[in-house]
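Here is what each chain is made of, one letter per residue.
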Amino acid sequence: MWHAKLLVIWSVTLLSAFFMLRGGLFGLEPVETERWGGLPLTMLLSMVSLGLSFPLAVMIALGRRSRMPIIKALCVLFVEIVRGVPLISVLFMASFMFPLLLPQGMSIDVLVRVLVGLTLFTGAYLAEAVRAGLQAIPKGQVEAACAIGLSTWQTNSKIVLPQALRLVVPSMMNTLIGTFKDTSLVTIVGLFELTGSLQLSLADAEWRRFYIEGQLFVAAIYFVFCFSMSRYSRWIEHHLNRGTRRQ
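Here goes a summary of the coordinates provided. Here the structure is a predicted model, which means the values were calculated and not measured.

For the rest of this paragraph, the subject is the overall build of the protein chain. The number of helices and strands found in the protein chain is 10 helices and two strands. N-terminal to C-terminal, the α/β element order of the protein chain is α-β-α-α-α-α-α-α-α-β-α-α. Taken over the C-alpha atoms alone, the protein chain extends approximately 70 × 55 × 35 Å along its principal axes. For the protein chain, buried positions account for 35% of its 247 residues. Here the analysis covers contacts within the protein chain between residues at least 6 apart in sequence; of these, 72% occur between residues at least 24 apart. Of the roughly 15400 Å² of accessible surface on the protein chain, 67% is carried by carbon and sulfur atoms.

Shown next, in the form of structure tokens:
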């Protein structure tokens, strides 16, 4: 019941942030994505990118352990390339360089390009965390699964992945918290999320005198979100380790 309620809360929050930014309802004027900003944009970027990057990371981690040379090489190449460049470079390429490769007259919304960049970047780091958990599983369990006739898919989904993900909850949550804070970098591509909106407001002489208050308020928001994620991570660890805890 708690997991269902949590899923509903996240879904409602994401949809609320989207419709608050998009407008067009209840007499509100539609707003172009280039003009979206503030805390709703921060939440939208972080929640969508984190939600999409997790299954991507699991597939890449499994791909790196695949016996198929092409799939393994592609996964290794992806992880090494993405992890070898800073997030600013990924956002810059997604926002400014990628449109130059598209056919003339074709364009993709800047918000979509930024979300893809954040998803790929986070997925590469999460993939390494998941791979570390996969390597921690004894080979004897995989061999035992093969001995009783389980397929590769059944072995990974029912035996390997549940244990591997339980082991790497702290490192995954560390990556997720870092991604939530790194959404502030989208300011360089013209999207003014929470910190970008603050800097934009402080450019006005009327608001410049509230510089310290504004920075403290933004810091408090980031602390509340990151601390909540950290506490939820500890709850997940306690819940998942209940069956392995010594009496």
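To continue, consider the nonpolar core. Generally speaking, nonpolar side chains in soluble globular proteins are found buried as a group. Core analysis: the biggest nonpolar cluster contains 30 residues, and Leu-134, Met-172 and Leu-176 have the highest contact counts within it. Only α2 (39–64), α3 (69–83), α5 (110–135), α7 (152–167), α8 (169–182), α9 (194–202) and α10 (211–240) provide two or more residues apiece to this core. Among residues more than four places away in sequence, those in contact with Met-172 are Phe-54, Leu-126, Ala-129, Val-130 and Leu-165. Of all hydrophobic cores here, the second largest spans 20 residues; its members include Leu-44, Leu-45, Val-114 and Ala-124.

Applying the stated rule across the entire model yields two salt bridges. Note that Glu-128 and Arg-64 form a salt bridge whose closest N and O atoms lie 2.5 Å from each other. Placement of Glu-128 in helix α5 and of Arg-64 in helix α2 is noted, with a sequence separation of 64 residues between them. A relative accessible area of 17% places Glu-128 in the buried class. The buried category is assigned to Arg-64, whose relative accessible area is 12%. Here Arg-131 and Glu-128 are joined by a salt bridge, their closest N and O atoms 3.0 Å apart. You can see Arg-131 and its partner Glu-128 sitting in helix α5, three residues apart, about one turn around the helix. When salt bridges that share partners are traced, they join Arg-64, Glu-128 and Arg-131 into one network.

α5 packs onto α2 with a crossing angle of 45° between their chain directions and a minimal axis gap of 6 Å. In terms of their interaxial angle, α2 and α5 are classed as oblique. Crossing of α2 against α5: the hand is right-handed. Residue composition of the contact of α2 with α5, by class: 21 nonpolar, five polar and three charged.

Together, Phe-92, Met-93, Phe-96, Met-97 and Leu-100 give the surface a local cluster of nonpolar side chains, amounting to about 510 Å² of exposed area. Tracing the backbone through its elements, the reader meets Met-97 in helix α4 (residues 87–101).

Tallying each qualifying case throughout the model produces five aromatic pairs. With centroids separated by 5.6 Å and ring planes inclined at 65°, the aromatic side chains of Phe-180 and Tyr-222 adopt a geometry described as edge-to-face. Taken together, the positions of Phe-180 in helix α8 and Tyr-222 in helix α10 put the pair 42 residues apart, joining distant regions of the chain. With a relative accessible area of 10%, Tyr-222 lands in the buried category. Plain terms: the ring middles of Phe-223 and Phe-227 are 5.6 Å apart, the flat faces sit at 15° to each other, and that makes the pair stacked. Of the two residues, Phe-223 and Phe-227 both sit in helix α10, four residues apart, roughly one turn of that helix. Overall, the relative accessible area of 54% leaves Phe-223 in the exposed class. Here Phe-227 falls in the partly exposed class, since its relative accessible area comes to 44%. A network of ring pairs unites the aromatic residues Phe-180, Tyr-222 and Phe-225 as a single cluster. The positively charged end of Arg-83 is found above the aromatic ring belonging to Tyr-125, 5.3 Å away from the centroid.

About the cut-offs
Residues numbered from 1 in each chain as written. Predicted model: local features only at pLDDT ≥ 70, side-chain atom pairs only at ≥ 80, totals over all residues. Heavy atoms only, no water. Helix = DSSP H or I, 4+ residues; strand = E, 2+ residues; numbered from the N terminus. Buried < 20%, exposed > 50% of the residue type's maximum accessible area, 1.4 Å probe, protein only. Contact = heavy atoms within 4.5 Å. Areas by Shrake-Rupley, 256 points an atom, 1.4 Å probe, with all protein chains shown as cover. Core = buried A, V, L, I, M, F, W, Y, C linked by side-chain atoms within 4.5 Å. Salt bridge = Lys/Arg side-chain N within 4 Å of Asp/Glu carboxyl O. Axes fitted to C-alpha atoms, helices over the stretch in contact; angles between N-to-C directions. Parallel < 35°, antiparallel > 145°, perpendicular 65-115°, else oblique. Left-handed = near helix turned anticlockwise from the far one by under 90°. Nonpolar A, V, L, I, M, F, W, Y, C, P; charged D, E, K, R; others polar. Patch = residues over 30% accessible without salt bridge, like charges linked within 9 Å, V, L, I, M, F, W, Y side chains within 5 Å. Phe/Tyr/Trp six-rings, centres within 6.5 Å; stacked < 30°, edge-to-face > 60°. Lys NZ or Arg CZ within 6 Å of the ring centre and 35° of its normal.

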